[in-house]
Amino acid sequence: HFSVAEPLTDTYAEAIGKLGIDQLVCAETEKWRAISWFKDGRRNLGYEKDNEADLYRTDRHPTLPITIKVVQSRKVAAHVQAPQMRAKEITDMLLDGVRAGVTDIFANYANADMVGHAMTTLDDYPKVVEGIKVLDEELGRLVPEAVKAGYTVFITADHGNAEEMMAKGGKARPSHTTNKVPFIVLGLAEGESATLDQGLTIGDFAPTAMALRGLDMPSAWDRQSCLTGNLKPSKMRKIMRLVLDGYGVRDEIDYNAMADAAKEKGSALNMDRWMAGEDGALSARAEASGERCGYPAGEAGTTEFGHVLFDAGRTVRSDLTLIDYAIESGAFFKNPAMLFAINKVKANPEVSLHIMGVLSDGKVHSSLNHMAGLLRLCQEAGLKKEQCSIHVITDGRDVAGDSSPQFISWLEEEIAKLGGGAQINSVWGRGWGKDRDNRWKRIESAFRCLSEGTAGLFVKFE
């Protein structure tokens, strides 16, 4: 038996909330789950809707002083059509928080990630650059005012993306990278001096903020602050943590959206200035991928698990790592829930097993190793072809936009190699059934495909 997505308690937001420290958390709806469910330890902390008006929604926790504000992402088919996303609106919400003196602020800016993901061809690359320029303008509007208002500002990212937009062979590369990410500290208090650990990971985010508050780490935490020196901890210290989703660091300038944004701007980006130590900034390149961050060796970080790490304060293994290990050890094939489902199908010929998920080697929302494990499980259980229906969700966001045919071919070959035991019954893209921005017509199309068998294209296999 193995358990994935095990929820974490005593996360940073919960721990300081129990001590009465007021918090503001902001993002656009594309990243709503990241700043709530995942940042809170892969669980529902119990927020309740306070109000919803125009583009904005406010949720509040019933007992903890935490407010979540989200702005509706732009209704476009792909974010290259509106690379500014909601950066300005997020900045406006954050400045309202700064002017109100909120003690702890957290925010996610999605431009580098979401516009980067939407780049299906190199013709879209200028839009990625435009998204970075908008992000730079908003940081220039926000950070100086926050520092002047007494905030210590941290800036980092959950993974890389926009800094490396071309793959080998000259094709668009919309996927996450294993490049390190910036980690910047601005606004130390008067009389403070510190050094920043150059070997840090993004998992050090919460312990560092906790140390600046002079608070004891929860007993489950095993990470330490990455700041050392002459510091003046204070429980009610004003702290702002900014996550630039998909903003990696890469020295090479070819198809590096940050480098090209600076070139078009005609001067260094604010992030580049702060990484160089201007405005009194401390900086380092932080690890956001691989084994040190709970992923398999060489695997890029993700938005979801990156946000788990931001508030976890402890060493955590990603679901990808846990499932890979379960397959390797054999525990995967003894999982009670999956065996229960298979045995129910074997006992009732009118019941089918349905397997649905993203099919790609992106290893963000999908893994071919995991699909192969499921097929092997069905084959070893003796399921017949008509007893196991596979519903494929194609990717195109964490892998190349034209890569789906090769993964469908892989699946067909894998099924044949195992002697049948399954069949592909539906195929649709993740922009439809996995839409996370209230495009209900897309969700409806995927739902009807699954429940009614309706589709835009039918293929009959002889």
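For the structure, see preceding data.
Report follows, based on the coordinates. (Residues numbered from 1 in each chain as written. Predicted model: local features only at pLDDT ≥ 70, side-chain atom pairs only at ≥ 80, totals over all residues. Heavy atoms only, no water.)

1. Section: helix 3 (residues 87-100)
Moving on, step 1. Taking 1.5 Å as the rise per residue, helix 3 with 14 residues should run 20 Å; its terminal C-alpha atoms sit 20 Å apart, in good agreement.
Moving on, step 2. Within the span of helix 3, buried status applies to Ala87, Glu89, Ile90, Thr91, Met93, Leu94, Leu95, Gly97 and Val98. (Helix = DSSP H or I, 4+ residues; strand = E, 2+ residues; numbered from the N terminus. Expected span 1.5 Å × (residues − 1). Buried < 20%, exposed > 50% of the residue type's maximum accessible area, 1.4 Å probe, protein only.)

2. A closer look at the packing of aromatic side chains
Moving on, step 1. Inspection of every chain in the model, using the stated rule, returns 8 aromatic pairs.
Moving on, step 2. Plain terms: the ring middles of Phe205 and Phe310 are 5.3 Å apart, the flat faces sit at 70 degrees to each other, and that makes the pair edge-to-face. Highlighted residues: Phe205 in helix 6 (residues 205-212) and Phe310 in helix 9 (residues 303-312), separated in sequence by 105 residues.
Moving on, step 3. Residue class for Phe205 comes out buried when judged on its relative accessible area of 0%.
Moving on, step 4. For Phe310, a relative accessible area of 0% translates into the label buried.
Moving on, step 5. Between Phe332 and Phe333, the ring centres sit 5.3 Å apart and the planes meet at 75 degrees, which makes this aromatic pair edge-to-face. Taken as a pair, Phe332 and Phe333 share a single burial class, namely buried.
Moving on, step 6. In this structure, Arg317 packs its charged tip against the face of Tyr325, placed 5.8 Å from the ring centre.
Moving on, step 7. The lysine or arginine in question, Arg442, covers the ring of Trp432, its NZ or CZ lying 5.6 Å from the ring centre. (Phe/Tyr/Trp six-rings, centres within 6.5 Å; stacked < 30°, edge-to-face > 60°. Lys NZ or Arg CZ within 6 Å of the ring centre and 35° of its normal.)

3. Some details on the side chain of Thr303
Moving on, step 1. Tracing the sequence through the fold places Thr303 in helix 9.
Moving on, step 2. By relative accessible area, which is 4% here, Thr303 ends up buried.
Moving on, step 3. A distance of 3.0 Å separates the side chain of Thr303 from the side chain of His159, its partner in a polar contact. (Polar contact = N/O pair within 3.5 Å; in protein donor to acceptor, adjacent residues only side chain to side chain.)

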